Amino acid sequence: QQIHAEAQPPSATFPRQRCARQQSRLPRPRPRLQADLSRPACRSTDRRGTGQRTAARKRAMALSIKVRPWMLVVMWVVEVVLNGLAATVLSDGATSNAEYSFVQPDPSTFSVWIVIFILQAVFVVAQFVGDLADVPGIEEARAWQLGNFATNGLWLVLNGLGSRGFSWWLAVVDIALNLVCLVKLYTVLDVDYTRVDVSWKQKLAIYLSPSSNLPWVVLATLLNISNTLFDPTELDLVEAPIGGPDWAIAVVGLATVIAAFLALTRVDVVYVIITVWALSGIWRNQQPDTDAPWGAEGVSANLELMTIICMAALGAAALTGVVALITIMVRRGSSGERKDSDADRGTGAPVLA
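Residues numbered from 1 in each chain as written. Predicted model: local features only at pLDDT ≥ 70, side-chain atom pairs only at ≥ 80, totals over all residues. Heavy atoms only, no water.

Q: Even after reading the chapter, I still don't get helix α9 (residues 168–188), so can you show me in this structure?
A: For α9, with 21 residues, the first-to-last C-alpha span of 31 Å sits near the 30 Å given by 1.5 Å per residue. Along α9, the residues classified as buried are A171, V172, D174, I175, N178, C181, L182, L185, Y186 and V188. In this structure, the buried residues of α9 make contact with α8 (138–163), α10 (200–229) and α11 (245–266). Looking at where α9 begins, the residue whose side-chain oxygen comes 3.2 Å from the main-chain nitrogen of L170 is S167. D190 sits one or two residues past α9 and shows a positive phi near 55 degrees. (Helix = DSSP H or I, 4+ residues; strand = E, 2+ residues; numbered from the N terminus. Expected span 1.5 Å × (residues − 1). Buried < 20%, exposed > 50% of the residue type's maximum accessible area, 1.4 Å probe, protein only. Contact = heavy atoms within 4.5 Å. Polar contact = N/O pair within 3.5 Å; in protein donor to acceptor, adjacent residues only side chain to side chain.)

Q: Help me understand the packing of aromatic side chains, please; the structure alone is not making it clear to me.
A: The description of an aromatic ring pair rests on the distance of the ring centres and on the angle between the ring planes. Evaluation of the coordinates by the stated rule reveals 4 aromatic pairs. Residues F102 and W294 carry aromatic rings whose centres are separated by 4.1 Å and whose planes lie at 10 degrees to one another, so their mutual orientation is stacked. One end of the pair, F102, is in the loop between α6 (91–95) and α7 (112–126); the other, W294, is in the loop between α12 (269–284) and α13 (301–345), with 192 residues separating them in the sequence. Of the two residues, F102 and W294, both sit in the buried class. A ring pair is formed by W113 and F117, whose centres lie 5.4 Å apart and whose planes are at 35 degrees; its orientation type is tilted. In this pair, W113 and F117 both sit in helix α7, 4 residues apart, roughly one turn of the helix. It is K203 that lies over the ring of W200; its NZ or CZ is 4.2 Å from the centre. The cationic tip of R284 hangs over the ring face of W277; the distance from NZ or CZ to the ring centre is 5.0 Å. (Phe/Tyr/Trp six-rings, centres within 6.5 Å; stacked < 30°, edge-to-face > 60°. Lys NZ or Arg CZ within 6 Å of the ring centre and 35° of its normal.)

Q: Can you help me understand empty space enclosed by the protein in this one?
A: Enumeration over the complete set of coordinates arrives at 1 cavity of 30 Å³ or more. Taken as a whole, the largest cavity spans an internal volume of roughly 80 Å³. What lines the largest cavity is simply V103, P105, F110, W216, L219, A220, L223, A278 and I282. Only α10 and α12 provide two or more residues apiece to the lining of the largest cavity. Element by element, the count of residues in the lining of the largest cavity is highest for α10, at 4 residues. Its residues placed into classes, the lining of the largest cavity shows 9 nonpolar, no polar and no charged. (1 Å grid on protein atoms, 1.4 Å probe; cavity = no way out; pocket = protein on both sides within 12 Å on 5 of 7 lines; lining within 4 Å. Points joined across faces, edges and corners; volume = space filled by probe spheres on them. Nonpolar A, V, L, I, M, F, W, Y, C, P; charged D, E, K, R; others polar.)

Right, dumping it as structure tokens:
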């Protein structure tokens, strides 16, 4: 065997080295002549590489501007201080000297901000609780909540300055940005009270803030646009002026459709409650004892009727959503008990009654 091994040529003893030497001597393959066949592959490869670099760049940027929980604390305090400043220093600018449209609720309706501020504070405190600080999407949600605090705190100041001749439309732009922040916050957190993968602790601590804040800002944005475009002199000249009763009826209907949809699909009862409260303020401004600029002789019976119908419809939608949620939970509970019973009996088949 030793003689036979020594008799073998070096090429047989080291085949890999020989193949490597032969391959190195071979000429390089020519590029394909059909350019149209080679370009798609190169383009897809380049696009894939570019997409990966872009994604990595976005992740690095997100890490560099990550919003910390203490930032939310600071901005929430700033928001409350700015609201207090506007209520004291710019109170006349924030609540009067403006041509209110028929979308305007009565002054008592704005007390809802007490509830909104409290639920915002609960959201901020939850960022320091271990399991709540790590829920999916919470880091991106903090950024949008930070933007919500900033734009909301700034709005009353801008609105007050607008009444003093600065700019009404700047306040409209600010509240539109506030609405964008809240919509993103709502969608990033995927606020859905029918979700079984989310604990009720998370729903109460995290979900209630956007559920209470978003419906108010939806109507507030429509109100700001209506008040800015409203010209009271057109009430006697134009059949359906912007900001008039006909316009307000459409705004009430739009807000009702949004709230009813979220009540039936996500059982967001808090959204419905805030919307109903806002509609009740519009209804109160259509009563004979209203303090609105149009007075008792200018109230709209059609708008009053529309608000009543919409509030009743939202109550029915919320009740339907709650009943459906309870039914689903009971069925899931009975299904789980049945599976446990089958497992105890050693069979995987359902038990027939």
